[in-house]
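The lines below spell out each chain.
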Amino acid sequence: MYDRFLPILLVNLVHENLLPADQPYSLDRYLWDYAIRINKPATGLETVAQQAMVLHKIPIEDQIKDLLYLGKHIGKERRELFKMVEIYASGDYQTLFKAAKKHVGGSRKILLYDRNVTMTASLLELLQSDTVFCAVGAAHLGGQNGILRLLKKAGVTLRPLDWKEHQNA
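Residues numbered from 1 in each chain as written. Predicted model: local features only at pLDDT ≥ 70, side-chain atom pairs only at ≥ 80, totals over all residues. Heavy atoms only, no water.

A. Molecular detail of the overall build of the protein chain. Helix and strand counts for the protein chain stand at 9 helices and 0 strands. Secondary structure elements of the protein chain occur, N-terminal to C-terminal, as α-α-α-α-α-α-α-α-α. Residues counted as buried form 27% of the 169 residues belonging to the protein chain. In the protein chain, of all internal contacts separated by at least 6 residues, the share reaching a separation of at least 24 is 73%. (Helix = DSSP H or I, 4+ residues; strand = E, 2+ residues; numbered from the N terminus. Buried < 20%, exposed > 50% of the residue type's maximum accessible area, 1.4 Å probe, protein only. Contact = heavy atoms within 4.5 Å.)

Below you can see the structure in the form of structure tokens.
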């Protein structure tokens, strides 16, 4: 099943399995389900094809290097993931952006900045017809090229979700 996977997908699978087992499913899934519970349409800001194109832009040599690094430094990667989860829970998206930017290294333009433009365009299109509940990876929010700045430049008013208020919803 994995013989055609890009190395970056294997890295992501390993990262998911480094997180605590007491989380029944990913934060993405939780937020998707939450949107449905509050009667908001659930859709992606990127298509699967767009995401696949992004992954294929990352040089295979860099992906292999990252996979090998993960295999040799699994404990360090786990600690870094837990640290990022703590930063996320604190709501400090600027610090999380800086940590993620450092983590993706030379691929930040491909994985963050270019995708921010794509996702912002999709979100602006959705906003033409309604208010929107939107969940994106926190690494995409901050910085000069972040989605929040791009939306504000486009004149959009934003209101964050109070995570603690909705955890048991």
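B. Helix α7 (residues 108-127), seen in detail. The end-to-end C-alpha distance of α7, which contains 20 residues, comes to 27 Å, matching closely the 28 Å that a straight helix rising 1.5 Å per residue would cover. Arginine 115 marks where α7 bends most, by close to 35 degrees. Contacts from the buried residues of α7 go to α1 (7-18), α3 (48-57), α6 (93-104) and α8 (147-153). (Expected span 1.5 Å × (residues − 1). Bend = angle between axes of the 7 residues up to and from the residue.)

C. Summary view of a positive patch on the surface. On the surface, Lys76, Arg79, Lys83 and Lys102 cluster together into a patch of positive charge. The element that contributes the greatest number of residues to the positive patch is helix α5 (residues 74-90), accounting for 3 residues. Note that lysine 83 resides in helix α5. On the accessibility criterion, lysine 83 (54% relative accessible area) is exposed. (Patch = residues over 30% accessible without salt bridge, like charges linked within 9 Å, V, L, I, M, F, W, Y side chains within 5 Å. Areas by Shrake-Rupley, 256 points an atom, 1.4 Å probe, with all protein chains shown as cover. Salt bridge = Lys/Arg side-chain N within 4 Å of Asp/Glu carboxyl O. Lys, Arg positive; Asp, Glu negative; His and termini not counted. Charge placed at Lys NZ, Arg CZ, Asp CG, Glu CD.)

D. Main features of a nonpolar patch on the surface. Together, Ile60, Ile64 and Leu68 line one region of the surface with nonpolar side chains, adding up to about 260 Å² of accessible area. Judged by its relative accessible area of 54%, leucine 68 is exposed.

E. Structural context of α5. Relative to the 24 Å expected for 17 residues at 1.5 Å per residue, α5 spans 24 Å between its end C-alpha atoms, a close match to the ideal helical length. Tucked inside the fold, the buried residues of α5 contact α1, α4 (60-72) and α6.

F. Fine view of the confidence of the model for the protein chain. The predicted model of the protein chain has a mean per-residue pLDDT of 83, with 88% of residues at 70 or higher. Mean pLDDT in the protein chain bottoms out at helix α9 (residues 163-166), which sits at 58, and peaks at α8, which reaches 94. (pLDDT = per-residue confidence, 0-100.)

G. Looking closely at the side chain of glutamate 46. Within the secondary structure, glutamate 46 is located in the loop between α2 (27-37) and α3. Reaching out from glutamate 46, the side chain makes a polar contact with the side chain of glutamine 51 at a distance of 3.3 Å. A distance of 2.7 Å separates the side chain of glutamate 46 from the side chain of arginine 115, its partner in a polar contact. Aside from chain neighbours lying at most four places away, what touches glutamate 46 is Gln51, Arg115 and Met119. (Polar contact = N/O pair within 3.5 Å; in protein donor to acceptor, adjacent residues only side chain to side chain.)

H. Expanded view of the nonpolar core. Core analysis: the biggest nonpolar cluster contains 8 residues, these being Met84, Ile87, Leu96, Phe97, Ala100, Leu112, Ala138 and Ala139. Sorting the residues of this core by element identifies α5 and α6 as the ones contributing at least two each. Counting residues per element, this core draws most heavily on α6, which supplies 3 residues. Ignoring sequence-local partners within four residues, the contact set of alanine 100 consists of Met84 and Ala139. (Core = buried A, V, L, I, M, F, W, Y, C linked by side-chain atoms within 4.5 Å.)

I. Spotlight on the packing of α1 against α4. The geometry of α1 relative to α4 is characterised by a closest axis approach of 8 Å and an angle of 30 degrees between their N-to-C directions. In terms of orientation, α1 lies roughly parallel with respect to α4. Crossing of α1 against α4: the hand is left-handed. Along its contact with α1, which presents Pro7, Ile8, Leu10, Val11, Val14, His15 and Leu18, the element α4 presents Ile60, Gln63, Ile64, Asp66, Leu67 and Leu70. (Axes fitted to C-alpha atoms, helices over the stretch in contact; angles between N-to-C directions. Parallel < 35°, antiparallel > 145°, perpendicular 65-115°, else oblique. Left-handed = near helix turned anticlockwise from the far one by under 90°.)

J. Region of the structure containing the packing of α5 against α6. Where α5 contacts α6, the axes come no closer than 9 Å and their chain directions differ by 155 degrees. By the criterion of interaxial angle, the relationship of α5 to α6 is roughly antiparallel. Between α5 and α6 lies a crossing whose hand is left-handed. Of α6, the residues touching α5 (which contributes Glu77, Glu80, Met84, Ile87 and Tyr88) are Thr95, Leu96, Ala99, Ala100 and His103. Of the residues assigned to the contact of α5 with α6, the class counts are 6 nonpolar, 2 polar and 2 charged. (Nonpolar A, V, L, I, M, F, W, Y, C, P; charged D, E, K, R; others polar.)

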